[in-house]
Amino acid sequence: MRYIGTRNKEMTASASEAILRGICPDGGLYIPEKIPQLTTEPEALLQMDYRTLAYEILRQYLDFTPEELHACIDGAYDSKFDTPEIVPLVKKGDALYLELFHGRTLAFKDMALSILPYLMKTAAKKQGLSEEIVILTATSGDTGKAALEGFANVDGVKIMVFFPEDGVSPVQKLQMTTQQGDNTRVIGIHGNFDDAQTAVKKIFTDAQLAEELAQKGYRFSSANSINIGRLLPQVVYYYWAYIQAVKMGEIKWGDALDFTVPTGNFGDILAGWYAAQMGLPAGHFVCASNDNKVLYDFFCTGEYNKNRPFHVTVSPSMDILVSSNLERLLCHMGGQERTKQQMGALQSEGKYQSDMTNTNISGAYATEEETFSAIRDVFQKTGYVMDTHTAVAYAAYKKYQAESQSNVPMVIVSTASPYKFTKDVMTAIDAKYKDGDAFALMQELERLSGVKIPTPIQGLQQREIRHKIVCEKQNIAQTVRDWLL
């Protein structure tokens, strides 16, 4: 398996090289030269636990020995997840929910960021890397904590996370700013996620800074989903969802299974698309957006246009106007030359055109009012409590179902625990909670949902805040220099 750049197919790398680099030298992203086909018999797949399935899929993409890959997987998917199946598929009412939030940080990012440190350390060893790796990450709320949790106190690695100071939930913010580990730095910015992501991607292509760091014995890499090592582990849980749906009697092997995915940076839904290209009998993907509906508009009109107001919403991990992983899909569909033109137009004009009519992806979106209604309706009918991002997906699922008249079973990809967004979730259930304290309301959410407050956030508000720096968005690169040089 070789990897090629989305803007220049001559920029090639092995899996290990691509994971370590994080991004191509020209700012493009790495994609598989050819998406592999999974030929394992269904009977064998149905007998696998999550770790065995992860090995079966990831070995198609990585240049690791069986021993190396097993060690990565066993280190990642262990007792740090609070349920033995790692990812439960549950049915509540008429909907199936793929619960991706049972890791340490209560969000789907744990599924990839639990294994990425192992992949990166193994790749560094295979490449004979002597420099210390510096992980630079922009986060809209969840990636940051999951990356910090994965890389804290890992020898030979430093990690620096930038987040929008006023654009994450209280729980998300405290999860990051109380992070332990001498090799960690967390910086709030006066700006939004797109500002942070743009600055970080620019740093990766700054040749002068790279040279300065090399002289100090450092090299950059990324824990964002722009890193192919972040994206590939997410393919696994789409296969897992399908296998569980078969076992539950919702479908028979070979039947179509649709997915609705709450989407910001387009990595999660792209992983599902990869699974479908590998042979998974996935039917249709609904790309669910909040009020920052740049992706919805794109799949409806073919124009991607970031020139629009930015909305801070109750689903902050989706508050994104530049969805980086869409570049990978564009390249798979249209090739490197076209993708380079589109990314150039995005940078210079803030928009580009593309024909997505040949994909099995469509867009839907939910307003804040519809998001709250979804939480309230599902709770009243089933007793199940969703977080705000899952609620966007549920609302999108209901819209797609009504418009398409499809009777194909649909999995709603549930990306975070409701405890990460307690105040908004409780307000959605009953307006009487709207002035309550987010942490005090956790006790009430526990009572209503019957789900205990997850161990990783018990007592979170009493922990010492260790990271207090806030910078202007234009000073992100200088903040990196100040720490490392």
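Above this text you will find the structure in question.
Cut-offs used in this document
Per chain, the residues get numbers from 1 upward, laid out in the order the sequence is written. Restriction of local features to residues with pLDDT of at least 70 applies here, the model being predicted, together with a cutoff of 80 or more for giving and counting side-chain atom pairs; totals for whole chains, interfaces and linings are based on all residues. Excluded from the side-chain calculation are hydrogens and water; included are all heavy atoms of the structure. Pairing of aromatic rings covers Phe, Tyr and Trp, the last through its six-membered ring, and needs centres within 6.5 Å; plane angles under 30 degrees mean stacked, over 60 mean edge-to-face, and all others mean tilted. Counted as over-ring charges are cases with an Arg CZ or a Lys NZ within 6 Å of the ring centre that also lie within 35 degrees of the ring normal. A pair of strands is considered paired only if DSSP assigns at least 2 bridges between the two. Going along the chain from the N terminus, every DSSP run of H or I of four or more residues is numbered as a helix, and every run of E of two or more is numbered as a strand. Here an angle of 0 to 180 degrees is reported between the N-to-C directions of two axes, which are lines fitted to C-alpha atoms, with helices fitted over the stretch in contact. Roughly parallel means an angle under 35 degrees; roughly antiparallel, over 145; roughly perpendicular, 65 to 115; everything else is oblique. Whether a crossing is left-handed or right-handed is set by the direction in which the near helix is turned from the far one by less than a right angle, anticlockwise for left-handed and clockwise for right-handed. Should any heavy atoms of two residues lie within 4.5 Å, those residues are counted as being in contact. Put simply, Ala, Val, Leu, Ile, Met, Phe, Trp, Tyr, Cys and Pro go in the nonpolar bin, Asp, Glu, Lys and Arg in the charged bin, and everything else, Gly too, in the polar bin. What makes a nonpolar core is a set of buried Ala, Val, Leu, Ile, Met, Phe, Trp, Tyr and Cys residues whose side-chain atoms join them at distances within 4.5 Å. Each residue gets one of three labels from its accessible area relative to the maximum for its type: buried under 20%, exposed over 50%, partly exposed in between, using a 1.4 Å probe on protein chains only. Any carboxyl oxygen of Asp or Glu within 4 Å of a side-chain nitrogen of Lys or Arg constitutes a salt bridge here. Side-chain atoms alone can form a polar contact between residues adjacent in sequence; in general such a contact is a pair of N or O atoms within 3.5 Å, and within protein one must be able to donate a hydrogen while the other accepts it.

1. Considerations on the packing of aromatic side chains
- The final tally for this structure, using the stated rule, is 18 aromatic pairs.
- Grouped by ring-pair contacts, the aromatic residues F266, F298, F299, Y304 and Y352 constitute a single cluster.
- A cation over a ring is seen here: K293 above Y365, with NZ or CZ 5.1 Å from the ring centre.
- The ring centre of Y365 lies 4.8 Å from the NZ or CZ of K399, which sits over that ring.

2. Topic: the sheet that holds strand 1 (residues 3–5)
- Across the sheet, 3 strands lie side by side as 2-1-3; this open sheet has antiparallel pairing. Each edge of the open sheet is held by one strand with a lone partner, namely strand 2 (12–13) and strand 3 (30–32).
- Where strand 1 lies against strand 3, 3 bridges are found, and the strand directions are antiparallel. The partner of Y3 across the bridge, within strand 3, is P32.

3. Notes on the packing of helix 16 (residues 368–382) against helix 18 (residues 422–429)
- It is the contact of helix 16 with helix 18, at a shortest axis distance of 8 Å, that shows an interaxial angle of 65°. With respect to their mutual orientation, helix 16 and helix 18 come out roughly perpendicular. For the pair helix 16 and helix 18, the crossing hand works out as right-handed. Two secondary-structure elements touch here, helix 16 through F372, I375, R376 and F379 and helix 18 through D424, V425, T427, A428 and I429.
- Taken together, the residues of the contact of helix 16 with helix 18 break down into 6 nonpolar, 1 polar and 2 charged.

4. Quick notes on the nonpolar core
- Within the largest apolar cluster, 110 residues are counted, with the highest numbers of intra-cluster contacts made by L62, Y77, Y238, F259, F266, F299 and L326.
- The element that contributes the greatest number of residues to this core is helix 11 (residues 228–247), accounting for 14 residues.
- Other than its neighbours up to four places away in sequence, F266 contacts C287, L295, F299, S323, N325, L326, L329 and I361.
- In this structure, I375, F379, M410 and L445 belong to the second largest nonpolar core, which totals 45 residues.

5. Details of the pattern of salt bridges
- For the coordinates displayed, the defined rule picks out 17 salt bridges.
- With its nearest N and O atoms 2.9 Å apart, the salt bridge here joins D78 to K80.
- Of the residues examined, K80 reaches a relative accessible area of 16% and is grouped as buried.
- Across the pair D297 and R308 runs a salt bridge, and its minimum N-O distance is 2.8 Å. Taken together, the residues span a long stretch of sequence, with D297 in helix 13 (residues 294–301) and R308 in the loop between strand 12 (303–305) and helix 14 (326–334) at a distance of 11 residues.
- Here D297 falls in the buried class, since its relative accessible area comes to 17%.
- Judged by its relative accessible area of 25%, R308 falls in the partly exposed class.
- One network of salt bridges, with partners in common, ties together R104, K145 and E149.

6. Describing the environment of T301
- With respect to the helices and strands, the residue T301 is situated in helix 13.
- According to the relative accessible area criterion, T301 is exposed, its value standing at 55%.
- Each C-alpha atom of the pair T301 and Q353 lies 8.8 Å from the other, and the pair is 52 residues apart in sequence.
- Of note is the side chain of T301, whose polar atom sits 2.7 Å from the backbone oxygen of D297.

7. Some details on unusual backbone geometry
- Of note, I86 is a non-glycine position whose phi angle comes to about 70°, a positive value.
- You can see I86 is positioned in the loop between helix 4 (66–76) and strand 4 (89–92).
- Overall, I86 belongs to the buried group, its relative accessible area being 2%.
- One non-glycine residue, L106, lies in positive phi territory at about 65°.

8. Comments concerning the sheet that holds strand 14 (residues 361–365)
- Spatially, 4-5-15-10-11-14 is the arrangement adopted by the 6 strands of the open sheet, whose pairing is mixed. In this open sheet, the two edge strands, each paired with only one partner strand, are strand 4 and strand 14. Between one strand axis and the next, the sheet turns by 30° as a mean value, whatever way the strands run.
- One ladder, built from 4 bridges, connects strand 5 (residues 95–99) with strand 15 (residues 410–414); its direction is parallel.

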